Amino acid sequence: MTRPFHLGWFLGNSYGVHGWRQAWGGTTARDWAKPDLQVDMVRALERACFDFLLLEDSLFVPDNYGGSTEFYLSRALRAPKNDPLPLIPLLAQATKHLGLVPTISTSFYPPYLLARLIATLDLMSDGRVGCNFVTSTAARAAQNFGLQDHIEHHRRYAMAEEFVTLVTKLWESWDEDALPMDAAAGVFADHRKVHPVDFQGEFFASRGPLNTARPPQGRPVLVQAGSSPQGRHFASAQMDVVLAAYSTVPEMVEFRADMRRRLAERGRDPDSCKCMFVIAPCLGETRAEAEERFARRQAAKQASPELVLAQMASLTDIDFSRFDLDAPIEELTTNGQQGTLRQFLAQGRTLREIARNYRYGMDDLIGTPDDVAARMDEIMQEVGGDGFVVTGPVTRRYLAEITDGLAPALQARGLMRTGYASPTFRANLFEF
Ligand SMILES: Cc1cc2nc3c(=O)[nH]c(=O)nc-3n(C[C@H](O)[C@H](O)[C@H](O)COP(=O)(O)O)c2cc1C
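This is a predicted model, so every value here is computed, not measured. (Residues numbered from 1 in each chain as written. Predicted model: local features only at pLDDT ≥ 70, side-chain atom pairs only at ≥ 80, totals over all residues. Heavy atoms only, no water.)

S.K.: Would you mind going over the site of the ligand with me for this structure?
M.R.: In the vicinity of the ligand lie 22 residues, with Asp57, His153, Tyr157, Ser228 and Gly339 positioned nearest. Between the ligand and the protein, one listed contact pairs an oxygen atom with a side-chain N or O atom of histidine 153 at 2.7 Å. The separation between an oxygen atom of the ligand and a polar side-chain atom of serine 227 is 3.2 Å. Look at the ligand: alone it shows 630 Å² of surface, and the protein chains cover 93% of it. (Near = heavy atom within 4 Å. Polar contact = N/O pair within 3.5 Å; in protein donor to acceptor, adjacent residues only side chain to side chain. Areas by Shrake-Rupley, 256 points an atom, 1.4 Å probe, with all protein chains shown as cover.)

Given below as structure tokens:
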């Protein structure tokens, strides 16, 4: 039976450089520091009835590949990158319904400031904000915040869970009816309905209450994307959405089953957390055109394995330039992104093979918009998940292909919403 699913967009490199040396990039690279591309994006995503835009973020200039920043800076990989938070009010002003999800680091942001920042944005946007909680995985990021070495992977997740607990308590420190705004009685806020939280945890402490009011959604939408057992455990505690980048249906099935088991173990309704999967469709007006474009995409990947290896180096803090591309690769461990490294190493025997085979999410959805819509339907039926997040190198052309090509094809099949029933992001997300 056809049932609609949710669509989000995961904007990798976020408020950084897009379309650099890319066909159809237009002026996006030159205008990287202006908000125009992201403003155009949210208008297009809302027209197409997406649930949300998620803005990735990271807090370092990588030098993991070859021990130099050169590879990254010369290609504008991960830097320069602006802070995505100041974009949110502009994106909210350009839209009425779309959910907006900035990324923040639970390892380096003070919870009180984050609770206040997200509450402010939720109040400004009438309940359309979420938050992607990441632990920040790079040692270089830790060094930007005064640490010599990064906090250990599992401990970071324990901190993250406590961080989110505190943030939600701060959001709840104002009762729903704390603002009578009764001019006749001279009471704007009712002091009996604003409470300290007196939180004393292992990693964080805060007295509270928050000095801004309760966010309209109560809890802005909580998002997370870790894939290790610790990442999944964290997601199962409080998250509303968990994102995963798998390239095969069996991996998606395993992930969702495991998440549902973990949610139930924590006493939560398994349907209270949406599982969404990363896709990067390759579209054409005909199937042959799409296949030709995909073949070109693959050829570009094969021609420069360094690009994949340098990107993976910045996610795992492993300098892959140290290894022979054609020798069998040894077992490696990381204090960075553990699930990502595991998935990466499973792609082949040698680094060249791995780089050639490596896929971020499901990138082999190839065809006309209707072909791809049909395949997405099949995948959701097999996985039983809640939808997809689209990603890929962003140009306005790629954006239009998805929002003006794929989205209408999904809508024609009854697989995607054609309007927003509720005023808030959370209510739309849990409408189905
Ligand atoms: C769709 C998606 C979006 C992500 N966004 C970010 C991000 O913005 N910033 C970041 O530091 N990590 C991001 N990550 C990485 C995850 O937060 C996490 O570190 C990674 O999946 C590895 O987690 P693990 O060590 O638990 O396996 C993202 C991952 C996925 C799949």
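Read on for the rest.
S.K.: Teacher, can you tell me more about the environment of isoleucine 118 here?
M.R.: With respect to the helices and strands, the residue isoleucine 118 is situated in helix H4 (residues 111–124). The spatial distance from the C-alpha of isoleucine 118 to the C-alpha of valine 167 is 9.6 Å, given a sequence separation of 49 residues. Leave out the neighbours within four places in its chain, and isoleucine 118 touches Pro102, Val129, Gly130, Cys131, Trp171 and Pro220. (Helix = DSSP H or I, 4+ residues; strand = E, 2+ residues; numbered from the N terminus. Contact = heavy atoms within 4.5 Å.)

S.K.: Please clarify how the nonpolar core should be interpreted in this entry.
M.R.: Inside soluble globular proteins, nonpolar side chains tend to come together where they are buried. Core analysis: the biggest nonpolar cluster contains 90 residues, and Trp9, Phe50, Leu53, Phe133, Phe277 and Met376 have the highest contact counts within it. Broken down by element, the residue count for this core peaks at nine residues, all from helix H6 (residues 153–171). (Core = buried A, V, L, I, M, F, W, Y, C linked by side-chain atoms within 4.5 Å. Buried < 20%, exposed > 50% of the residue type's maximum accessible area, 1.4 Å probe, protein only.)

S.K.: Looking at this model, I keep getting lost on helix H14 (residues 396–412). Mind explaining?
M.R.: Three- or four-residue spacings in an α-helix give side chains the same orientation, since the helix completes a turn every 3.6 residues. Taking 1.5 Å per residue, 17 residues should reach 24 Å; H14 reaches 23 Å between its end C-alpha atoms and fits that length. Its maximal kink placed at leucine 406, H14 deviates by approximately 30 degrees, while the proline proline 408 follows within four residues. Listed in full, the buried residues belonging to H14 are Tyr398, Leu399, Glu401, Ile402, Thr403, Gly405, Leu406, Ala407, Ala409 and Leu410. Buried positions along H14 lie against strand S1 (6–11), helix H1 (36–47), strand S10 (282–283), helix H9 (287–303), helix H13 (369–383) and strand S12 (387–390). Backbone geometry just downstream of H14 places glycine 414 in the positive-phi region, at approximately 70 degrees. (Expected span 1.5 Å × (residues − 1). Bend = angle between axes of the 7 residues up to and from the residue.)

S.K.: What is the right way to look at the packing of aromatic side chains in this model?
M.R.: Within a pair of aromatic rings, the relevant descriptors are the distance that separates the centres and the angle that separates the planes. Going through the model one piece at a time under the given rule, you end up with 16 aromatic pairs. When the centroid spacing of 5.6 Å and the interplanar angle of 70 degrees are considered together, the rings of tryptophan 9 and tyrosine 398 count as edge-to-face. One end of the pair, tryptophan 9, is in strand S1; the other, tyrosine 398, is in helix H14, and 389 residues separate them in sequence. When sorted by exposure, tryptophan 9 lands in the same class as tyrosine 398, which is buried. A centroid spacing of 6.3 Å and a plane angle of 70 degrees characterise the contact between phenylalanine 133 and phenylalanine 163, whose relative ring orientation is edge-to-face. Of this pair, phenylalanine 133 sits in strand S4 (residues 130–134) while phenylalanine 163 sits in helix H6; the two residues are 30 residues apart in sequence, bridging distant segments of the chain. For the residue pair phenylalanine 133 and phenylalanine 163, the accessibility class agrees, reading buried in each case. An aromatic cluster is built from Phe133, Phe163, Phe203 and Phe204, whose rings are joined through pairwise contacts. The ring of phenylalanine 71 has arginine 75 lying over it, and the distance from NZ or CZ to the ring centre is 3.6 Å. (Phe/Tyr/Trp six-rings, centres within 6.5 Å; stacked < 30°, edge-to-face > 60°. Lys NZ or Arg CZ within 6 Å of the ring centre and 35° of its normal.)

S.K.: What is the right way to read unusual backbone geometry from this model?
M.R.: Glycine aside, the phi torsion of most residues is negative, and most peptide linkages are trans. In this structure, the amide linkage connecting alanine 79 to the following residue, proline 80, adopts the cis form with an omega of 5 degrees. Mapped onto the secondary structure, proline 80 falls in the loop between helix H2 (70–75) and helix H3 (87–93). Omega for the peptide link from glycine 208 to proline 209 comes to -5 degrees, which places this bond in the cis form. Following the sequence through the fold, proline 209 ends up in the loop between strand S6 (205–206) and strand S7 (221–224). Here the phi dihedral of asparagine 13 falls at roughly 60 degrees; this positive angle occurs in a residue that is not glycine.

S.K.: When you look at the domain arrangement of the protein chain in this model, what are you seeing that I'm missing?
M.R.: When the parts of a complex come together, some accessible area is lost, and that lost area is often taken as the interface size. Once the domains are mapped, the protein chain shows domain 1 (6–279 + 367–374 + 384–429) and domain 2 (289–357). Listed as interface residues are 28 residues of domain 1 and, on the opposing side, 23 residues of domain 2. Between domain 1 and domain 2, roughly 1,900 Å² of surface is buried when both sides are summed, and carbon and sulfur atoms account for 47% of that area. When the buried surface of domain 1 facing domain 2 is broken down by residue, Asn64, Tyr65 and Thr137 rank first, second and third, together holding 31% of it. Linking domain 1 to domain 2 there are one salt bridge. A salt bridge links arginine 293 to glutamate 401, with the nearest nitrogen and oxygen atoms 2.9 Å apart. Our count for the domain 1 to domain 2 interface comes out at twelve residue pairs in polar contact (both at pLDDT 80 or more). Elements with a contribution of two residues or more to the side of domain 1 that touches domain 2: H2, H6 and H14. Its residues assigned to classes, the side of domain 1 that touches domain 2 comprises eleven nonpolar, eleven polar and six charged. (Domains from an automatic or database assignment. Buried area = accessible area lost by both parts, 1.4 Å probe. Salt bridge = Lys/Arg side-chain N within 4 Å of Asp/Glu carboxyl O. Nonpolar A, V, L, I, M, F, W, Y, C, P; charged D, E, K, R; others polar.)

S.K.: Explain the sheet that holds strand S8 (residues 241–244) to me, please; I cannot follow it from the model alone.
M.R.: In sheet architecture, strand pairing relies on hydrogen bonds along the backbone and comes in two forms, parallel and antiparallel. Strands sit in the order S1-S2-S3-S4-S7-S8-S9-S12 around a closed barrel of eight strands; the barrel is parallel. Averaged over all pairs of adjacent strands, the angle between their axes in this sheet comes to 30 degrees, without regard to strand direction. Bridging between strand S2 (residues 52–55) and strand S3 (residues 99–105) involves four bridges; their strand directions are parallel. Paired with leucine 54 across the two strands is valine 101, which belongs to S3. With respect to the sheet, H13 is in contact with S1, strand S9 (274–279) and S12, its orientation differing from that of S12 by roughly 130 degrees. Its contacts with the sheet put H14 on S1 and S12, and the angle it makes with S1 is roughly 170 degrees. (Pairing = 2+ DSSP bridges. Axes fitted to C-alpha atoms, helices over the stretch in contact; angles between N-to-C directions.)

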